[in-house]
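Per-entry structural report
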Amino acid sequence: MNIVNLTRCSILIIPLLITTTSALAGTFVSNNGHNKVIETLVADSELIFRGTSTEITEGLSVEGIPYTFVTYDIEEVISGQYFESTITLKFVGGTFANGNILSASNSPQIKLGEQSILLVQQSTDTGCDFVQCELGRFLLEQGNVIAANGQAVIVDEHGSVDYMSANGLKNRDNRQANTTSNIGNFITKLRNIDKQVLSQRGDSFKRNTVKNVDKNITFKAYIGLTQASKAPVELVAPSEALVKKNISHGSRHDKWEEAQVKRNKGNPVLTVSSPYTQQ
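Counting across every chain of the model gives 5 salt bridges. Salt-bridge contacts for Glu114 lead to Arg137; the nearest nitrogen and oxygen are separated by 2.9 Å. Taken together, the residues span a long stretch of sequence, with Glu114 in the loop between strand S6 (101-103) and strand S7 (115-120) and Arg137 in strand S8 (residues 137-141) at a distance of 23 residues. Overall, the relative accessible area of 11% leaves Arg137 in the buried class.

This is the structure:
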């Protein structure tokens, strides 16, 4: 089984994933930074809800790209309009038809039965229905709100945001100081930010409506992924003589790889493993 990671096989997606990861690392520095990242996530969201994952399945796009579908029981709508009791969302990643696995470095690792607060956007296809993918998902564990970096989000009575490490949560003094759930404060913070965002945008602003994803309807993959897989061929088109030279003087793996790219109509993203040891 071969694992294809989007950060390696797609040059157009690399900047997106690196930017997201760098932004996450840079925001956990000061209290003002914590507030700013939460404000940005809320401003970009079209629906915020609290729910429990009840089903996780996979499906293939018309191009054969695997996606993961997660269904949630909605316990509370925090922001936006949504009137059904369940919702299914999707993001890039899963198993190809041949058994190989596609993974993205910023995709969330969701478990069945987990409780979380989800910030959702669908108006712009980014390959993930969560705002900035993993950043738009906050786990709820034992009264704590856990961010994508594994730290607990602490919101005090004044609405200030801070982060506490896993070791900090285990500390006795910290546990005593947070004997009550911080989830309520976090939800209040999200609602207050949302009110500020709507006020700034004015009465003419209309928020996009999030839709429940139907897993049985065919769909196209994120265009950035399909375009990125073609980009190297479009940007650099080696001559036929050069290709023949590389094949004649390369290793058995190189010859196999060149043949696979040609068979794949120039697409350098290979979903099959080489039968030869790479030299």
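To continue, consider the state of the cysteines. Scanning the model with the defined rule gives 1 disulfide in all. Paired through a disulfide, Cys128 and Cys133 show a sulfur-sulfur distance of 2.4 Å. Where Cys128 bonds to Cys133 through sulfur, the torsion about that S-S bond is close to 90 degrees, and the disulfide is right-handed. On the accessibility criterion, Cys128 (5% relative accessible area) is buried.

Our next topic: the side chain of Ser107. Summarising the element assignment, Ser107 is placed in the loop between S6 and S7. By relative accessible area, which is 9% here, Ser107 ends up buried. Looking at Ser107, its side chain comes within polar contact range of the main-chain oxygen of Val92, at 3.3 Å. Residues within four places of Ser107 in sequence aside, it is in contact with Phe91, Val92, Cys133 and Glu134.

What counts, and at which threshold
- In this numbering scheme, every chain counts its residues from 1 along its sequence in written order.
- Only residues with pLDDT of at least 70 get local features here, since the model is predicted, and only at 80 or more are side-chain atom pairs given and counted; chain-wide, interface and lining totals rely on the full set of residues.
- In computing side-chain values, all of the structure's heavy atoms are included and hydrogens and water are not.
- Any carboxyl oxygen of Asp or Glu within 4 Å of a side-chain nitrogen of Lys or Arg constitutes a salt bridge here.
- Numbering of helices and strands runs from the N terminus; a helix is a DSSP stretch of H or I covering at least four residues, while a strand is a stretch of E covering at least two.
- In this scheme, a residue with accessible area under 20% of its type's maximum is buried, one over 50% is exposed, and one in between is partly exposed, where area comes from a 1.4 Å probe on protein chains only.
- Cysteine sulfur pairs qualify as disulfides if the two atoms are within 2.5 Å.
- Pairs of N or O atoms within 3.5 Å make up the polar contacts considered here, provided that, within protein, one atom can donate a hydrogen while the other can accept it, and that residues adjacent in sequence are counted only when both atoms are side-chain atoms.
- The contact criterion used throughout is that any non-hydrogen atoms of two residues lie within 4.5 Å.

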